[in-house]
Amino acid sequence: MGQKTNPLGFRLGTSQNHHSMWFAHPKNYSEGIQEDQKIRNCIKNYVQTTIKKTSALEGIARIEIQKRIDVIQVIIYMGFPKLLIENQQKRIQELQLNIEQELNCDNRKLNMTIVRIANPYGHPNILAEFIAGQLKNRVSFRQAMKKAIELAKQADTKGIQIQISGRLGGKEMARSHWVREGRLPLQTVRAKIDYCCYPVRTIYGVLGIKIWVFGDFQDQEKKIYT
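Computed from a prediction, not measured in an experiment: that's the story for all the values here. (Residues numbered from 1 in each chain as written. Predicted model: local features only at pLDDT ≥ 70, side-chain atom pairs only at ≥ 80, totals over all residues. Heavy atoms only, no water.)

On a plain count of helices and strands, the protein chain comes out with six helices and nine strands. Each of the 226 residues in the protein chain was classed as buried or not, and the buried ones make up 45%. Long-range contacts, defined here as pairs at least 24 residues apart, represent 65% of the contacts in the protein chain between residues at least 6 apart. In the form shown here, the protein chain has an accessible surface area of approximately 13700 Å², with 47% of it arising from carbon and sulfur atoms. (Helix = DSSP H or I, 4+ residues; strand = E, 2+ residues; numbered from the N terminus. Buried < 20%, exposed > 50% of the residue type's maximum accessible area, 1.4 Å probe, protein only. Contact = heavy atoms within 4.5 Å. Areas by Shrake-Rupley, 256 points an atom, 1.4 Å probe, with all protein chains shown as cover.)

Now the structure itself:
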């Protein structure tokens with residue numbers, strides 16, 4: 001059997017960095033991981049509640065966390081930040097208060113930065129969210145995958161692979177279907193490959209979406225709120 005390796009973990013230290021940057025005593029390491037998960041869940045839940053009234057995407061590509069002794073720096077990379085920044089001061093302060101209450105960080109200061117991504121559909125998390133929305137609206141999985149590949153091409157990606165697993169089309173037996181377009185050098189460590197695994201609930205059960213994207217968009221990111 002083939003041995004599968006996560007593309008992000010395979011490239012740590014070369015073309016991929018950690019999404020959480022901090023040091024802790026071994027006894028407190030598990031607490032730090034749980035704290036990071038609480039921050040990410042709080043941000044995603046808040047964005048979901050603000051977007052419920054619209055049919056827009058969340059547009060969160062990734063969330064990076066940097067911790068020091070007295071400061072927690074949270075950087076949110078978003079493709080469509082308008083919904084969070086319409087009432088900029090009010091919504092950002094409300095989100096910061098929610099996180100501070102969740103963590104009980106009395107002795108540490110929380111700083112938040114929002115970064116807008118120029119090519120949102122070049123990031124796998126946003127593409128997976130788009131496909132999930134299509135599947136929930138009863139769109140054919142083949143059509144949703146084809147549309148996602150077209151959006152990725154418009155974002156000037158060098159290659160993309162999409163795989164969906166589960167009860168596709170409401171069939172009784174679960175199966176997997178995948179499509180690849182362009183180059184995808186998974187065994188080249190220096191190749192910048194982004195990856196995500198995204199679950200989506202449908203009326204037929206849970207489907208799993210995996211997306212690999214070959215490209216580099218770091219130079220096209222812009223800070224819009226600090």
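Picking up where we left off.
Here we take up the nonpolar core. Formed by 23 residues in total, the largest nonpolar core has its most connected members in Ile131, Ile162, Ile164, Ile209 and Ile211. Breaking this core down by element, the ones donating at least two residues are helix H5 (124-136), helix H6 (141-154), strand E5 (159-166), strand E7 (193-202) and strand E8 (205-214). Top element by residues in this core is H6. It accounts for seven residues. With 20 residues, the next largest nonpolar core counts Tyr46, Ile65, Ile72 and Ile92 among its residues. (Core = buried A, V, L, I, M, F, W, Y, C linked by side-chain atoms within 4.5 Å.)

Let's shift gears to the packing of aromatic side chains. One pass over the full model with this rule turns up four aromatic pairs. Ring geometry for tryptophan 22 versus tyrosine 29: centroids 5.5 Å apart, planes at 40 degrees, classification tilted. You can call tryptophan 22 buried: its relative accessible area is 16%. Of the aromatic side chains, those joined through ring pairs into one cluster are Phe80, Tyr121 and Phe130. The lysine or arginine in question, arginine 62, covers the ring of tyrosine 77, its NZ or CZ lying 3.8 Å from the ring centre. Above the plane of the ring of tryptophan 22 lies lysine 67, whose end atom (NZ or CZ) is 4.7 Å from the centre. (Phe/Tyr/Trp six-rings, centres within 6.5 Å; stacked < 30°, edge-to-face > 60°. Lys NZ or Arg CZ within 6 Å of the ring centre and 35° of its normal.)

This brings us to unusual backbone geometry. For arginine 138, which is not glycine, the phi torsion reads 65 degrees and is therefore positive. Here arginine 138 lies in the loop between H5 and H6. Since its relative accessible area comes to 62%, arginine 138 is described here as exposed. Although it is not a glycine, aspartate 156 adopts a positive phi angle of roughly 60 degrees.

This part takes up the side chain of glutamine 163. Relative to the assigned elements, glutamine 163 resides in strand E5. Here the side chain of glutamine 163 touches serine 165 through a polar contact of 3.4 Å, side chain to side chain. (Polar contact = N/O pair within 3.5 Å; in protein donor to acceptor, adjacent residues only side chain to side chain.)

On to the pattern of salt bridges, then. Per the counting criterion, the structure on display carries six salt bridges. The shortest N-O distance in the salt bridge between lysine 67 and aspartate 36 comes to 2.8 Å. Of this pair, lysine 67 sits in strand E2 (residues 60-67) while aspartate 36 sits in helix H2 (residues 29-51), and the two are 31 residues apart along the sequence. Residue classification places lysine 67 among the buried residues on the basis of a relative accessible area of 14%. With a relative accessible area of 4%, aspartate 36 lands in the buried category. A salt bridge links glutamate 181 to lysine 153; the nearest nitrogen and oxygen atoms lie 3.4 Å apart. Here glutamate 181 is found in strand E6 (residues 175-182), whereas its partner lysine 153 is found in helix H6, with 28 residues between them in sequence. With a relative accessible area of 34%, glutamate 181 lands in the partly exposed category. Here lysine 153 falls in the partly exposed class, since its relative accessible area comes to 49%. Connected through salt bridges with shared partners, the residues Glu35, Asp36, Lys67 and Arg108 form a single ionic network. (Salt bridge = Lys/Arg side-chain N within 4 Å of Asp/Glu carboxyl O.)

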